[in-house]
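Residues per chain are reported as follows:
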Amino acid sequence: MGRAIIVANQKGGVGKTTTVVNMSAYMADAGNKILVIDLDSQGNSCSGLGVTKSDDAKGLYEVLLGMVDVKEIIIPTDIKNLYVIPSNINLSGAQVEMVEMENREYKLKSIVDKVRNDFDYIFIDSPPSLGLLTINGLVASDSVIIPIQCEYYALEGLSQLLKTINLVKERLNSKLYIEGVVLTMYDTRTNLSKQVVEEVIAYFKNKVYKSIIPRNVKLAEAPSFGKPINIYDPKSVGAVSYYNLSKELT
């Protein structure tokens, strides 16, 4: 049975999608069968893996609303062993439409449960909010990876995220736990980055991954080419960091 892991932080621009795309690519390259679920209506995980879908094509939105079966919309990427469940712009309205549904917090869980046995790992790329879609992602997952950028106000808002994780654990998913914390956008030239690393380690202790993701031009460029970093520039420092991170997870 596959492990479902959500990458979550309600702040935008902290490296959620970059982490999902590159970790999933490295783990697929290592022989694991991987599914990426794009829970963000912007669909950046899909585009980062070279999967383009038109807004009128069926995706996660239609599955959540019971309009299509999940196995009909799973798409293979160009990377062996790596598949995606795409999103489209319709997903932005799903939270409103799901409010009146019975068991609305469990909609994604029922989808994930249908495909768990088909994959070794399922990565869920969450939207930058703590709304109903993210709650669904937390309920559907076994664990959470929290990306934190090495910048000012890095820990701002984390208390709310942790509170949400704990509430989900108490009321909706008792098995949920924090898989780990990944530090992103580390700048070796600044004392600030070093201070943030120290603060995060003091707060999360042994939950912080040893592999720290640096600021890297190649990491920033890769999504525009629809390629994960292990294909776009496997020798870059960003590639080495995500390779090491994937090893820590497995």
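Further up the page is the structure itself.
Residues numbered from 1 in each chain as written. Predicted model: local features only at pLDDT ≥ 70, side-chain atom pairs only at ≥ 80, totals over all residues. Heavy atoms only, no water.

> Could you give an account of the layout of surface pockets, naming the residues involved and the relevant values?
Taken as a whole, the largest pocket spans an internal volume of roughly 570 Å³. Looking at the largest pocket, it is lined by 30 residues, and the ones nearest its centre are Gly15, Lys16, Thr17, Thr18 and Met185. Every element with two or more residues in the lining of the largest pocket is listed here: α1 (16–29), α2 (44–48) and α9 (217–221). If one sorts the elements of the lining of the largest pocket by residue count, α1 sits on top with 5 residues. Across the lining of the largest pocket, the residue classes break down as 14 nonpolar, 12 polar and 4 charged. Its volume calculated, the second largest pocket comes out at about 190 Å³. Around the second largest pocket, the lining residues are Met1, Gly2, Lys109, Asp113, Arg116, Val139, Ala140, Ser141, Asp142, Leu172, Asn173 and Lys175. Breaking the lining of the second largest pocket down by element, the ones donating at least two residues are α5 (107–115) and α6 (132–140). Across the lining of the second largest pocket, the residue classes break down as 4 nonpolar, 3 polar and 5 charged. (1 Å grid on protein atoms, 1.4 Å probe; cavity = no way out; pocket = protein on both sides within 12 Å on 5 of 7 lines; lining within 4 Å. Points joined across faces, edges and corners; volume = space filled by probe spheres on them. Helix = DSSP H or I, 4+ residues; strand = E, 2+ residues; numbered from the N terminus. Nonpolar A, V, L, I, M, F, W, Y, C, P; charged D, E, K, R; others polar.)

> Give a detailed account of the sheet that holds strand β2 (residues 34–38), specifying residues and quantitative values.
Across the sheet, which stays open at both edges, the 7 strands sit in the order β3-β4-β2-β5-β1-β6-β7 with mixed pairing between neighbours. Edge positions in the sheet fall to β3 (75–76) and β7 (177–184), since each of these pairs with one other strand and no more. Inspection of the sheet shows β2 paired to strand β5 (residues 121–125) by 5 bridges, in the parallel sense. The partner of Asp38 across the bridge, within β5, is Asp125. The strands that helix α7 (residues 158–171) touches are β6 (143–149) and β7; relative to β6, the one it contacts most, it runs at about 180°. (Pairing = 2+ DSSP bridges. Contact = heavy atoms within 4.5 Å. Axes fitted to C-alpha atoms, helices over the stretch in contact; angles between N-to-C directions.)

> Could you give an account of the pairing of strand β1 (residues 3–7), naming the residues involved and the relevant values?
Of all 5 residues that make up β1, 4 are buried, and the element is covered over most of its length. Bridge count between β1 and β5: 5 bridges; the pairing is parallel. Within the sheet, the bridge partner assigned to Val7 lies in β5 and is Asp125. (Buried < 20%, exposed > 50% of the residue type's maximum accessible area, 1.4 Å probe, protein only.)

> How would you summarise the side chain of Lys16 if you had to cite specific residues and measurements?
Within the secondary structure, Lys16 is located in helix α1. For the buried Lys16, no salt bridge is present, and the opposite-charge side chain at shortest range is Asp125, 6.2 Å distant. If sequence neighbours within four positions are ignored, Lys16 has contacts with Val7, Ala8, Asn9, Lys11, Asp125, Ser126, Pro127, Pro128 and Pro147. (Lys, Arg positive; Asp, Glu negative; His and termini not counted. Salt bridge = Lys/Arg side-chain N within 4 Å of Asp/Glu carboxyl O.)

> Requested: an account of unusual backbone geometry, with residues and values cited.
Of note in the backbone geometry, Tyr153 takes a positive phi value of approximately 60° without being a glycine. For Tyr153, the location among the structural elements is in the loop between β6 and α7. Classification of Tyr153 by relative accessible area gives exposed; the value is 59%. In this structure, Lys205 takes a positive phi of about 55° despite not being glycine. With respect to the helices and strands, the residue Lys205 is situated in the loop between α8 (191–204) and α9.

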